[in-house]
Amino acid sequence: MRRVIIGHNQTITRQVGLPVRGTIKVRAGEHVGFGELIAETTLPARFEMIDIPNHFNVSPEEAETMIKRLVGDVIARGDVLAQKDGFITQLFRAPGDGKLVSLREGRITLALGQEKMQVFAPMPGMVAELIDGRGAVITLTGSVVEAAWGNGKNAQGELIFWEELEKKGLGISSSEVKDKIIVFKKAATAWQLRRALRLKPAGLVLPALNPEQLKSTRESGVAVLSLLGFGEVGMDVASLVLIESMSGQTVYIVAQENAFGPKENPFLILPKEKVADLGLYKEEAKLVPGVKVRLRGEPYTGMVGIVKDLPSEEMVFASGLQSPSVVVICEGDQVINASIHNIDLIQS
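Just so you know, the residues in each chain are numbered from 1, in the order the chain's sequence is written. Residue-level local features of this predicted model are given only where pLDDT is at least 70; pairs of side-chain atoms are given and counted only at 80 or more, and the full residue set underlies all totals for whole chains, interfaces and linings. For the side-chain quantities, the full set of heavy atoms in the structure was used; hydrogens and water were omitted.

1. Describing the layout of surface pockets
Leftover empty space is mapped by rolling, across the atoms, a probe with the size of a water molecule. Short version of the rule: Two kinds of site are reported from a 1 Å grid over the protein atoms alone, namely cavities, where a 1.4 Å probe fits but cannot get out, and pockets, open sets with protein on both sides within 12 Å along at least five of seven lines, and residues are called lining when an atom falls within 4 Å of a point. Grid points are joined across faces, edges and corners, and a volume is the space filled by probe spheres set on the points. Polar here means any residue outside two lists: the nonpolar Ala, Val, Leu, Ile, Met, Phe, Trp, Tyr, Cys and Pro, and the charged Asp, Glu, Lys and Arg; Gly therefore counts as polar.
Considering only enclosed or pocket space, the second largest pocket measures out at about 250 Å³ in volume. Ala255, Glu257, Lys263, Glu264 and Pro266 are, among the 15 residues lining the second largest pocket, the residues nearest its centre. In the lining of the second largest pocket, the residues fall into five nonpolar, six polar and four charged.

This is the structure in structure tokens:
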């Protein structure tokens, strides 16, 4: 069983940080906007190893006597790194600006150039906590639909539905979807998905994703969410009702993975007007009779229902799996016995 957040007034936190220590650009308690700089650092653009024994055709021991620099030395392009004296003096010069970071057996390792690494706020919110030298924890309260998969990108835009765009019948232009987040209520065909990606909206929200479409969505510059993971199913009722309430409003796709810390699910969020709760979070939902769940696994993927019973004895399913079962009442009073491993417990 896994928990999934689908509800209003949910407080979400997100760690935003560098993989190494750097300079934090925000303060605790400060409000940040989408895309605002959180932290930055400077790293070498590349590393280069220079084999002095091979270059001068000498032993490693001889090469070490020819090296003119020490570990930690800052160097400029053209500086002499090693010198072999003789009838004709041979020099080896630095190929670029940088720093000597290692000397071993006559081999020099250089860190060359500089490359700035920055991390930005994936959503607007409050800085709840600073992470020592790395970044910050951002928190935001709003209407949230948690997804099973995202392509690692964040986006901001007005939420619109693909089905509404198609009703126009005169074609959809890029200008119509610029800075928009498009939601598909039903499974997108390969043609629809290609067309949507070519239009280059800010983001796409899909009920599920065909595995054959994975490569194109990963490589696209468009932020993409798949609510139910992989397959060809329509959107579940719980997610659809909540997302319909977001129509025409500015929402955020948060799918970028953390550089450190626990792996977190991507989500779609519509911020609430009030300031985010900095510490009073809702009690985590528990699997008990009366709670709302969503089913996974064919033929029930995406169906939403209420838990009726939790039998004490394990059940053997048609697949051969033996596990604890959950009795769920779905639409039309349909009663389904599902494995606990195929249940999403909805936090709402």
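2. Looking at the environment of Val58
Heads up, the condition is: A run of DSSP states H or I qualifies as a helix once it reaches four residues; a run of E qualifies as a strand once it reaches two. Both are numbered from the N-terminal end.
Mapped onto the secondary structure, Val58 falls in the loop between α1 (52-56) and α2 (60-66). Expressed as a C-alpha distance, the spacing of Val58 and Gln10, which sit 48 residues apart in the sequence, is 67 Å.

3. Some thoughts on unusual backbone geometry
Stated formally: Only protein chains enter the area calculation, which uses a 1.4 Å probe; residues under 20% of their type maximum are buried, those over 50% are exposed, and those in between are partly exposed.
Of note, the amide linkage connecting Glu298 to Pro299 takes the cis form, showing an omega dihedral of 5°. Position of Pro299 relative to the elements: it lies in the loop between β21 (292-295) and β22 (304-309). Residues other than glycine seldom take positive phi values, yet Asn9 does so here, at roughly 55°. Its place among the elements puts Asn9 in strand β1 (residues 2-17). On the basis of relative accessible area, Asn9 is assigned to the partly exposed category, the value being 37%. Phi angles above zero are rare outside glycine, and Glu105 is one such case at about 50°. With respect to the secondary-structure elements, Glu105 resides in the loop between β9 (98-104) and β10 (107-112). In this structure Glu105 comes out as partly exposed when scored by relative accessible area, which is 45%.

4. Quick word on the nonpolar core
Applied cut-off: Here the nonpolar core consists of buried residues drawn from Ala, Val, Leu, Ile, Met, Phe, Trp, Tyr and Cys, with membership extended through side-chain atoms lying within 4.5 Å. Note on definitions: a residue-residue contact is assigned when non-hydrogen atoms from the two residues lie within 4.5 Å.
Ranked by size, the top nonpolar core spans 26 residues in total, and within it Leu159, Val205, Ile243, Met246, Ile253 and Leu268 carry the most contacts. Elements supplying a minimum of two residues to this core: β1, β15 (155-161), β16 (180-183), β18 (223-226), α7 (237-244), β19 (250-254) and β20 (267-271). Apart from residues lying up to four places away in sequence, Ile243 is in contact with Val145, Leu159, Phe161, Val183, Leu227, Met235 and Leu268. The next biggest cluster of nonpolar side chains, apart from the first, holds 20 residues, and it includes Ile5, Val127, Val254 and Phe267.

5. Remarks on the packing of aromatic side chains
To be explicit about the condition: Here is the rule: rings of Phe, Tyr and Trp (six-membered ring for Trp) pair when centre to centre is within 6.5 Å. Planes less than 30 degrees apart are stacked, more than 60 are edge-to-face, and the remainder are tilted. Over a ring means this: the NZ of a Lys or the CZ of an Arg is within 6 Å of the ring centre and within 35 degrees of the ring normal.
Per the stated rule, a full pass over the model turns up three aromatic pairs. Ring centres of Phe34 and Tyr252 lie 5.6 Å apart, and the angle between their planes is 45°; on these two criteria the pair is classed as tilted. Placement of Phe34 in the loop between β3 (31-32) and β4 (37-43) and of Tyr252 in strand β19 is noted, with a sequence separation of 218 residues between them. Residue Phe34 is classed as partly exposed on the basis of its relative accessible area of 30%. Residues Trp149 and Phe230 carry aromatic rings whose centres are separated by 5.9 Å and whose planes lie at 55° to one another, so their mutual orientation is tilted. With Trp149 in strand β14 (residues 149-150) and Phe230 in the loop between β18 and α7, the pair connects residues that are 81 residues apart, well separated along the chain. Take Phe230: its relative accessible area is 43%, and that puts it in the partly exposed class. Here the guanidinium or amino end of Lys185 rests over the ring plane of Phe161, the centre of that ring lying 4.7 Å away.

Note that all results are geometric; they support no functional claim without further evidence.
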